[in-house]
Amino acid sequence: MDWQGQKLVEQLMQILLVISGVVALVVGYTTESFRTMMLIYAGGVVLTTLVTVPNWPFYNLHPLKWLDPSEAEKHPKPQVVPAASKKKVSKK
Amino acid sequence: MHSFGYRANALLTFAVTILAFICAIASFSDNFSNQTPSAQIQILNINWFQKQPHGNDEVSLTLNVTADLQSLFTWNTKQVFAFVAAEYETSKNALNQVSLWDAIIPEKEHAKFWIQISNKYRFIDQGHNLRGKDFNLTLHWHVMPKTGKMFADKIVMSGYRLPNAYR
């Protein structure tokens, strides 16, 4: 998931859960049925899980641009030298 | 939100938090219900009235309890626990409360009832103060919710009196 996708998923999750809660409460109160409220809320949680937890393709519309492998070879990582020997590390 | 497990955890935590809010609001909504319970208790007969070997008085009564507790039930009510207590004063205790009968009412339909029974629990005094004693019969109830706060209240019925001599 890319950054935009992560932001979208977090917002979607919060909004969907809050809406499920509110709808559940209102419908339960007006029908005087506690069971209805719990069922609606459980359904809302399941729906939110299906929408936000798996890595759907529409969360990857702004993929990160990773460096080309050939570009990376021109700039190798610096050599790590043990601290006991006092050689200086030279970067290319 | 960088992994499946992270998102699942965040969702679960938030969902449970919202569930707690929903339950709190459901419990709070109980404050708005209009409750008009009514009850009447009649003592049909004093079966016997004796002093026990250890010196304590004991009475056996036949009661007729009529009550309409239907308005106590809300959408958030699991059951109503009702009990009848005899209340009186003695020189030793400012208030004596002796539970004579109780019942669990699981549904609104069962909350309007009429029952004639002898006392379920023994009416025994701490001492021998019951001769000629004036006492109240109080119907207490506890409305037990499915979630949240429990409400308790009572109706006091006064004017009952025990006989002056043992029978």
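Predicted model, so just to flag it, every value in this text is computed and none were measured.

Caption draft 1: The overall build of chain B, seen in detail. In terms of helices and strands, chain B carries 1 helix and 8 strands. In chain B, the order of α-helices and β-strands from amino to carboxyl end is α-β-β-β-β-β-β-β-β. Compactness check: chain B gives a C-alpha radius of gyration of 23 Å against a globular reference of 15 Å for 167 residues, more than 25% above the reference. The principal-axis extent of the C-alpha atoms belonging to chain B is close to 85 × 35 × 25 Å. Across the 167 residues of chain B, 44% fall into the buried class.

Caption draft 2: Inspection of the packing of aromatic side chains at higher detail. All names here are of chain B. Per the stated rule, a full pass over the model turns up 10 aromatic pairs over all chains. Measuring from centroid to centroid gives 6.0 Å for tryptophan 101 and phenylalanine 113, while their planes differ by 40°, and the two rings are tilted. Separated by 12 residues along the polypeptide, tryptophan 101 in strand 4 (residues 96-105) and phenylalanine 113 in strand 5 (residues 112-118) bring together distant segments of the chain. Grouping residues by exposure puts tryptophan 101 and phenylalanine 113 together as buried. An aromatic cluster is built from Tyr88, Phe123, Phe135 and Tyr160, whose rings are joined through pairwise contacts. Sitting above the plane of the phenylalanine 151 ring, lysine 149 keeps its charged end 4.7 Å from the centroid.

Caption draft 3: Spatial organisation of the pairing of strand 1 (residues 38-51) of chain B. Here strand 1 of chain B pairs with strand 2 (residues 57-68) of chain B via 12 bridges, running antiparallel. Directly across from B:Ser38, in strand 2 of chain B, lies its bridge partner B:Asp68.

Caption draft 4: Expanded view of the UniProt feature "transmembrane region" (unreviewed entry) in chain A. Residues and elements named next belong to chain A. The positions UniProt marks with the feature "transmembrane region" (unreviewed entry) are residues 12-31 and 38-59. For the annotated span residues 12-31, helix accounts for 100% and strand for 0% of the residues, and the straight-line distance between the end C-alpha atoms is 28 Å. End C-alpha to end C-alpha, residues 38-59 measures 30 Å, and it is 68% helix and 0% strand.

Caption draft 5: The sheet that holds strand 3 (residues 77-88) of chain B, seen in detail. All names here are of chain B. Read across the open sheet, the 4 strands follow the order 4-3-7-8; overall the sheet is antiparallel. Sheet topology places strand 4 and strand 8 (151-161) at the edges, where each strand pairs with a single neighbour. On average, adjacent strands in this sheet sit at an angle of 20° to one another, irrespective of strand direction. Sheet analysis places strand 3 next to strand 4, joined by 9 bridges and oriented antiparallel. By the bridge assignment, alanine 86 is partnered in strand 4 with valine 98.

Caption draft 6: Quick look at the nonpolar core. Residues B:Leu69, B:Phe123, B:Leu137 and B:Leu139 are the most contacted members of the largest nonpolar core, which totals 34 residues. Elements represented by at least two residues in this core include exactly strand 1, strand 2, strand 3, strand 4, strand 7 (134-145) and strand 8 of chain B. Setting aside anything within four residues of it in sequence, one finds B:Leu137 in contact with B:Ile41, B:Ile43, B:Leu63, B:Val84, B:Ala85, B:Ala86, B:Leu100, B:Ile155, B:Val156, B:Met157 and B:Tyr160. In terms of nonpolar packing, the next biggest core, distinct from the first, is built from 15 residues, A:Met13, A:Ala24, B:Ile18 and B:Trp75 among them.

Caption draft 7: The arrangement of the side chain of B:Glu87 in detail. Residues and elements named next belong to chain B. The topology assignment puts glutamate 87 in strand 3. Of the side chains bearing the opposite charge, lysine 154 lies closest to the buried glutamate 87, which forms no salt bridge; the N-O distance is 5.2 Å. Within polar-contact distance, the side chain of glutamate 87 engages the side chain of glutamine 97 at 2.8 Å. There is a polar contact of 3.0 Å between the side chain of glutamate 87 and the side chain of threonine 138. In this structure glutamate 87 touches Leu95, Asn96, Gln97, Phe135, Asn136, Thr138 and His140, once residues within four positions along its chain are discounted.

Caption draft 8: Fine view of the packing of helix 1 (residues 3-31) of chain A against helix 2 (residues 34-52) of chain A. Residue and element names in this part refer to chain A. Interhelical geometry of helix 1 versus helix 2 gives an angle of 165° and a closest axis separation of 8 Å. Taken together, helix 1 and helix 2 sit at an angle that is classed as roughly antiparallel. Relative to helix 2, the crossing made by helix 1 is right-handed. Looking at side-chain class alone, the contact of helix 1 with helix 2 contains 14 nonpolar, 8 polar and no charged residues.

Rules of the game
- Residues numbered from 1 in each chain as written.
- Chains lettered and ligands numbered in written order.
- Predicted model: local features only at pLDDT ≥ 70, side-chain atom pairs only at ≥ 80, totals over all residues.
- Heavy atoms only, no water.
- Helix = DSSP H or I, 4+ residues; strand = E, 2+ residues; numbered from the N terminus.
- Rg over C-alpha atoms; globule rule 2.2 N^0.38 Å.
- Buried < 20%, exposed > 50% of the residue type's maximum accessible area, 1.4 Å probe, protein only.
- Phe/Tyr/Trp six-rings, centres within 6.5 Å; stacked < 30°, edge-to-face > 60°.
- Lys NZ or Arg CZ within 6 Å of the ring centre and 35° of its normal.
- Pairing = 2+ DSSP bridges.
- UniProt positions renumbered as here; feature names shortened; annotations may be inferred.
- Axes fitted to C-alpha atoms, helices over the stretch in contact; angles between N-to-C directions.
- Core = buried A, V, L, I, M, F, W, Y, C linked by side-chain atoms within 4.5 Å.
- Contact = heavy atoms within 4.5 Å.
- Lys, Arg positive; Asp, Glu negative; His and termini not counted.
- Salt bridge = Lys/Arg side-chain N within 4 Å of Asp/Glu carboxyl O.
- Polar contact = N/O pair within 3.5 Å; in protein donor to acceptor, adjacent residues only side chain to side chain.
- Parallel < 35°, antiparallel > 145°, perpendicular 65-115°, else oblique.
- Left-handed = near helix turned anticlockwise from the far one by under 90°.
- Nonpolar A, V, L, I, M, F, W, Y, C, P; charged D, E, K, R; others polar.

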